[in-house]
Amino acid sequence: MSVDQTQFRTAMLDPALPVPNGLTDALGAPAGARFNVYRNNVAVSLTEAMEAAFPVILKLVGEEFFRAMAGVYLRIHPPKSPLMMHYGDAFPGFLEGFEPAQHLGYLPDIARLELAMRESYHAADGTPTEPAVLQSLPPDRLMTARIILAPALRLVRSKWPIHGIWAFNMQGAPQPQMQGQDVLITRPDFDPVLTPLPDGGAAFIIALQQGQSFGTALGLATAQAANFDLTTTLGTLISGAAITKISEG
Amino acid sequence: MLDATRFTPLPPAAGIGYKPQHFAALMQDPGSVKWLEIHAENYMGDGGRPLAQLRHLAERFAISVHGVGLSIGGETPLDPDHLARLKHLCDWLQPASFSEHLAWSTHDSAFLNDLLPLPYTDATLTRVGDHIDQLQEVLGRQMLLENPSSYLAFAESTWSEPDFLREIARRTGCGLLLDVNNVFVSATNLGFEPRAYVDAYPLDLVQEIHLGGHDEDEDDHGRPLLIDSHGAEIVDPVWALYDYTLAQGGARPTLIEWDNDVPDFPVLEAEAARAAKHLQQVPA
């Protein structure tokens, strides 16, 4: 009697199914609860991976709720690759449809923020441009130049105060006000840094990411927010080592 | 042909499974720790701290790359993307050793993040052998195959585990990694004599030994069921089995594996120091 890996896998992910025939203990009797070692290993290791990846969500919903939710998630979305650094990429979408968490409408965007932080952490290294290069460029040349951003830069936009929620839970910051936030993630050294962007900041960053000129990006940002704070946004990029090249022509 | 001499081998001394929280301690004073083992899959990102730390460590320590995700025993073909990632890592790092497990973990494109058991049959032998041939060809080097820890057996198995591993090594030219804790765990769980297993194991092919901790549980019939947790100190019976293995086969690079509830560096270093002491008592 043989047990193939389809049977093994199916029974492993569904504790309600019987243990496959053909698996035994030392005396040749059915393996019984011994099979649960594998069921348990898989569930525990994937749940722990989720807890490590989504510490803010863990804190927001509590350990008991998180583990039950992860147990549902891991059976619908087992990892697609052995790179556990990518595990959980379907979590935001899962949370959008997860009935017991519907009253926490911000969870999917918090999951997106945490995924983006992890992506930033593992992203390729970039060599930042000296701030003096930017500062010494005459305005007319700056306007036509293109700003190349570091591989570790991420932008997460939300109608929820995701930076405030993150800071409240991870840094003991005051309770956030209800307002949407666009968050820029930079990696000045090895640890991602989160900064809420001023109005128009996201439009500016997106335009730069798309390869638009500095002038075009600035125009798009001010079209969205007449009071767009360019100085602060550039300061965030510079202190975040997020500008790797200024390309002219 | 695979040239096993192309790489500087691991020293016949104690190493530990590398954890990022021990980086500073290792760079400052590694004590008895003479080499490090990393899990390949944790160093497959594009950059950032993991790779920066690894580059620093590789300047000071011999590195063993230990894969936990290739699914060598899988019924489906090896993932070509993952093979390419392993090759990339080994190409730039040039590790002293590369090892993987006699196990499967991926099926129907789902990676289950655990080392799952195989029936020891002629069909499995052929499949695992083909996968190892493919891996060694891609990497351009010899790999070491590790014995698993077992919680159950397959009624269909026709080979003993040591014979099965010996035959794979004969067919593929791979080396072996002997996890002494796994032998102890499997022997308890499946009711065989651990020293007889070591006697049957082709120790001349063993290039590395693993030691680790396990948890104790029991099965449906109240019999002991040991769980290979890598989350505790190594127990005395495993140290005794280690001594027996060294006495039979000679000194080998020996790794302390502690992957869960990871202790502070001094605790891990003490385990490495203990292994080093056992190694020094082996006649040259």
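Model, not experiment: these values are computed from the prediction. (Residues numbered from 1 in each chain as written. Chains lettered and ligands numbered in written order. Predicted model: local features only at pLDDT ≥ 70, side-chain atom pairs only at ≥ 80, totals over all residues. Heavy atoms only, no water.)

K.L.:
Hey, could you run me through the overall build of chain A in this one?
P.N.:
The helix and strand inventory of chain A stands at 12 helices and 6 strands. Dimensions of chain A, computed from C-alpha atoms along their principal axes, come out at roughly 85 × 40 × 25 Å. For chain A, the proportion of its 249 residues judged to be buried stands at 49%. Long-range contacts, defined as pairs at least 24 residues apart, comprise 62% of the intrachain contacts of chain A with a sequence gap of at least 6. One way to put it: in chain A the 16 positive side-chain charges average out to a point 4 Å from where the 22 negative ones average out. (Helix = DSSP H or I, 4+ residues; strand = E, 2+ residues; numbered from the N terminus. Buried < 20%, exposed > 50% of the residue type's maximum accessible area, 1.4 Å probe, protein only. Contact = heavy atoms within 4.5 Å. Lys, Arg positive; Asp, Glu negative; His and termini not counted. Charge placed at Lys NZ, Arg CZ, Asp CG, Glu CD.)

K.L.:
In this structure, what is going on with helix α2 (residues 49–60) of chain B? I would like to understand it.
P.N.:
The α-helix advances 3.6 residues per turn, and as a result positions three or four apart in sequence lie on the same side. Given a rise of 1.5 Å per residue, 12 residues ought to cover 16 Å, and the 17 Å separating the end C-alpha atoms of α2(B) matches this to within 8%. Contacts from the buried residues of α2(B) go to α6 (107–122) of chain A together with α1 (23–28), β2 (35–39), β3 (62–66) and α3 (80–93) of chain B. (Expected span 1.5 Å × (residues − 1).)

K.L.:
Hey, could you run me through the environment of A53(A) in this one?
P.N.:
Residue and element names in this part refer to chain A. For A53, the location among the structural elements is in helix α2 (residues 35–53). Look at A53 and you get buried, because its relative accessible area is 11%. Residues A53 and A111 lie 58 residues apart in sequence; the distance between their C-alpha atoms is 9.0 Å. Ignoring any residue separated from it by four or fewer positions in sequence, one finds A53 in contact with Y87, E114 and R118.

K.L.:
How should I be thinking about the sheet that holds strand β13 (residues 254–257) of chain B in this particular structure?
P.N.:
Strand pairing in a sheet takes place through backbone hydrogen bonds and is either antiparallel or parallel in direction. Residue and element names in this part refer to chain B. Around the barrel, which closes on itself, the 8 strands sit in the order β1-β2-β3-β4-β7-β9-β10-β13 with parallel pairing between neighbours. On average, each strand axis in the sheet is tilted by 30° relative to the strand beside it, whichever way the strands run. As defined by bridge partners, strand β9 (residues 175–179) adjoins strand β10 (residues 206–212) across 4 bridges and the pair is classed as parallel. The residue of β10 that forms the bridge with L176 is V206. Where helix α6 (residues 180–190) meets the sheet, its contacts fall on β7 (144–146), β9 and β10, and the angle it forms with β9 comes to roughly 60°. (Pairing = 2+ DSSP bridges. Axes fitted to C-alpha atoms, helices over the stretch in contact; angles between N-to-C directions.)

K.L.:
Can you help me understand the environment of I76(A) in this one?
P.N.:
Residue and element names in this part refer to chain A. By secondary structure assignment, the location of I76 is in helix α4 (residues 63–76). Here I76 falls in the exposed class, since its relative accessible area comes to 52%. Expressed as a C-alpha distance, the spacing of I76 and A53, which sit 23 residues apart in the sequence, is 18 Å.

K.L.:
Any chance you could explain the interface of chain B and chain A here in plain terms?
P.N.:
Frequently, the measure chosen for interface size is the accessible area removed from exposure when the parts meet. With 50 residues of chain B at the interface, the matching set in chain A holds 44 residues. Both sides together, the interface formed by chain B and chain A hides about 3900 Å², and carbon and sulfur atoms give 56% of it. Here chain B is connected to chain A by 5 salt bridges. Close ionic contact of R34(A) with D219(B) constitutes a salt bridge, the shortest N to O distance being 3.0 Å. There are 21 residue pairs in polar contact (both at pLDDT 80 or more) connecting chain B and chain A. (Buried area = accessible area lost by both parts, 1.4 Å probe. Salt bridge = Lys/Arg side-chain N within 4 Å of Asp/Glu carboxyl O. Polar contact = N/O pair within 3.5 Å; in protein donor to acceptor, adjacent residues only side chain to side chain.)

K.L.:
Where do I start with the domain arrangement of chain A in this structure?
P.N.:
Residue and element names in this part refer to chain A. Domains assigned within chain A are domain 1 (1–104) and domain 2 (124–249). Distance between the C-alpha centres of domain 1 and domain 2: 38 Å. The interface of domain 1 with domain 2 comprises 4 residues on the first partner and 4 residues on the second. A combined buried area of about 380 Å² lies between domain 1 and domain 2, and 75% of that area is made up of carbon and sulfur atoms. When the buried area of domain 1 at its contact with domain 2 is split by residue, V56, K59 and L60 rank highest and sum to 87% of it. On inspection of domain 1 and its partner domain 2, the count reaches 0 salt bridges. Viewed at the interface, domain 2 and domain 1 are joined by 1 residue pair in polar contact (both at pLDDT 80 or more). Residues belonging to the side of domain 1 that touches domain 2 are distributed by class as follows: 3 nonpolar, no polar and 1 charged. (Domains from an automatic or database assignment. Nonpolar A, V, L, I, M, F, W, Y, C, P; charged D, E, K, R; others polar.)

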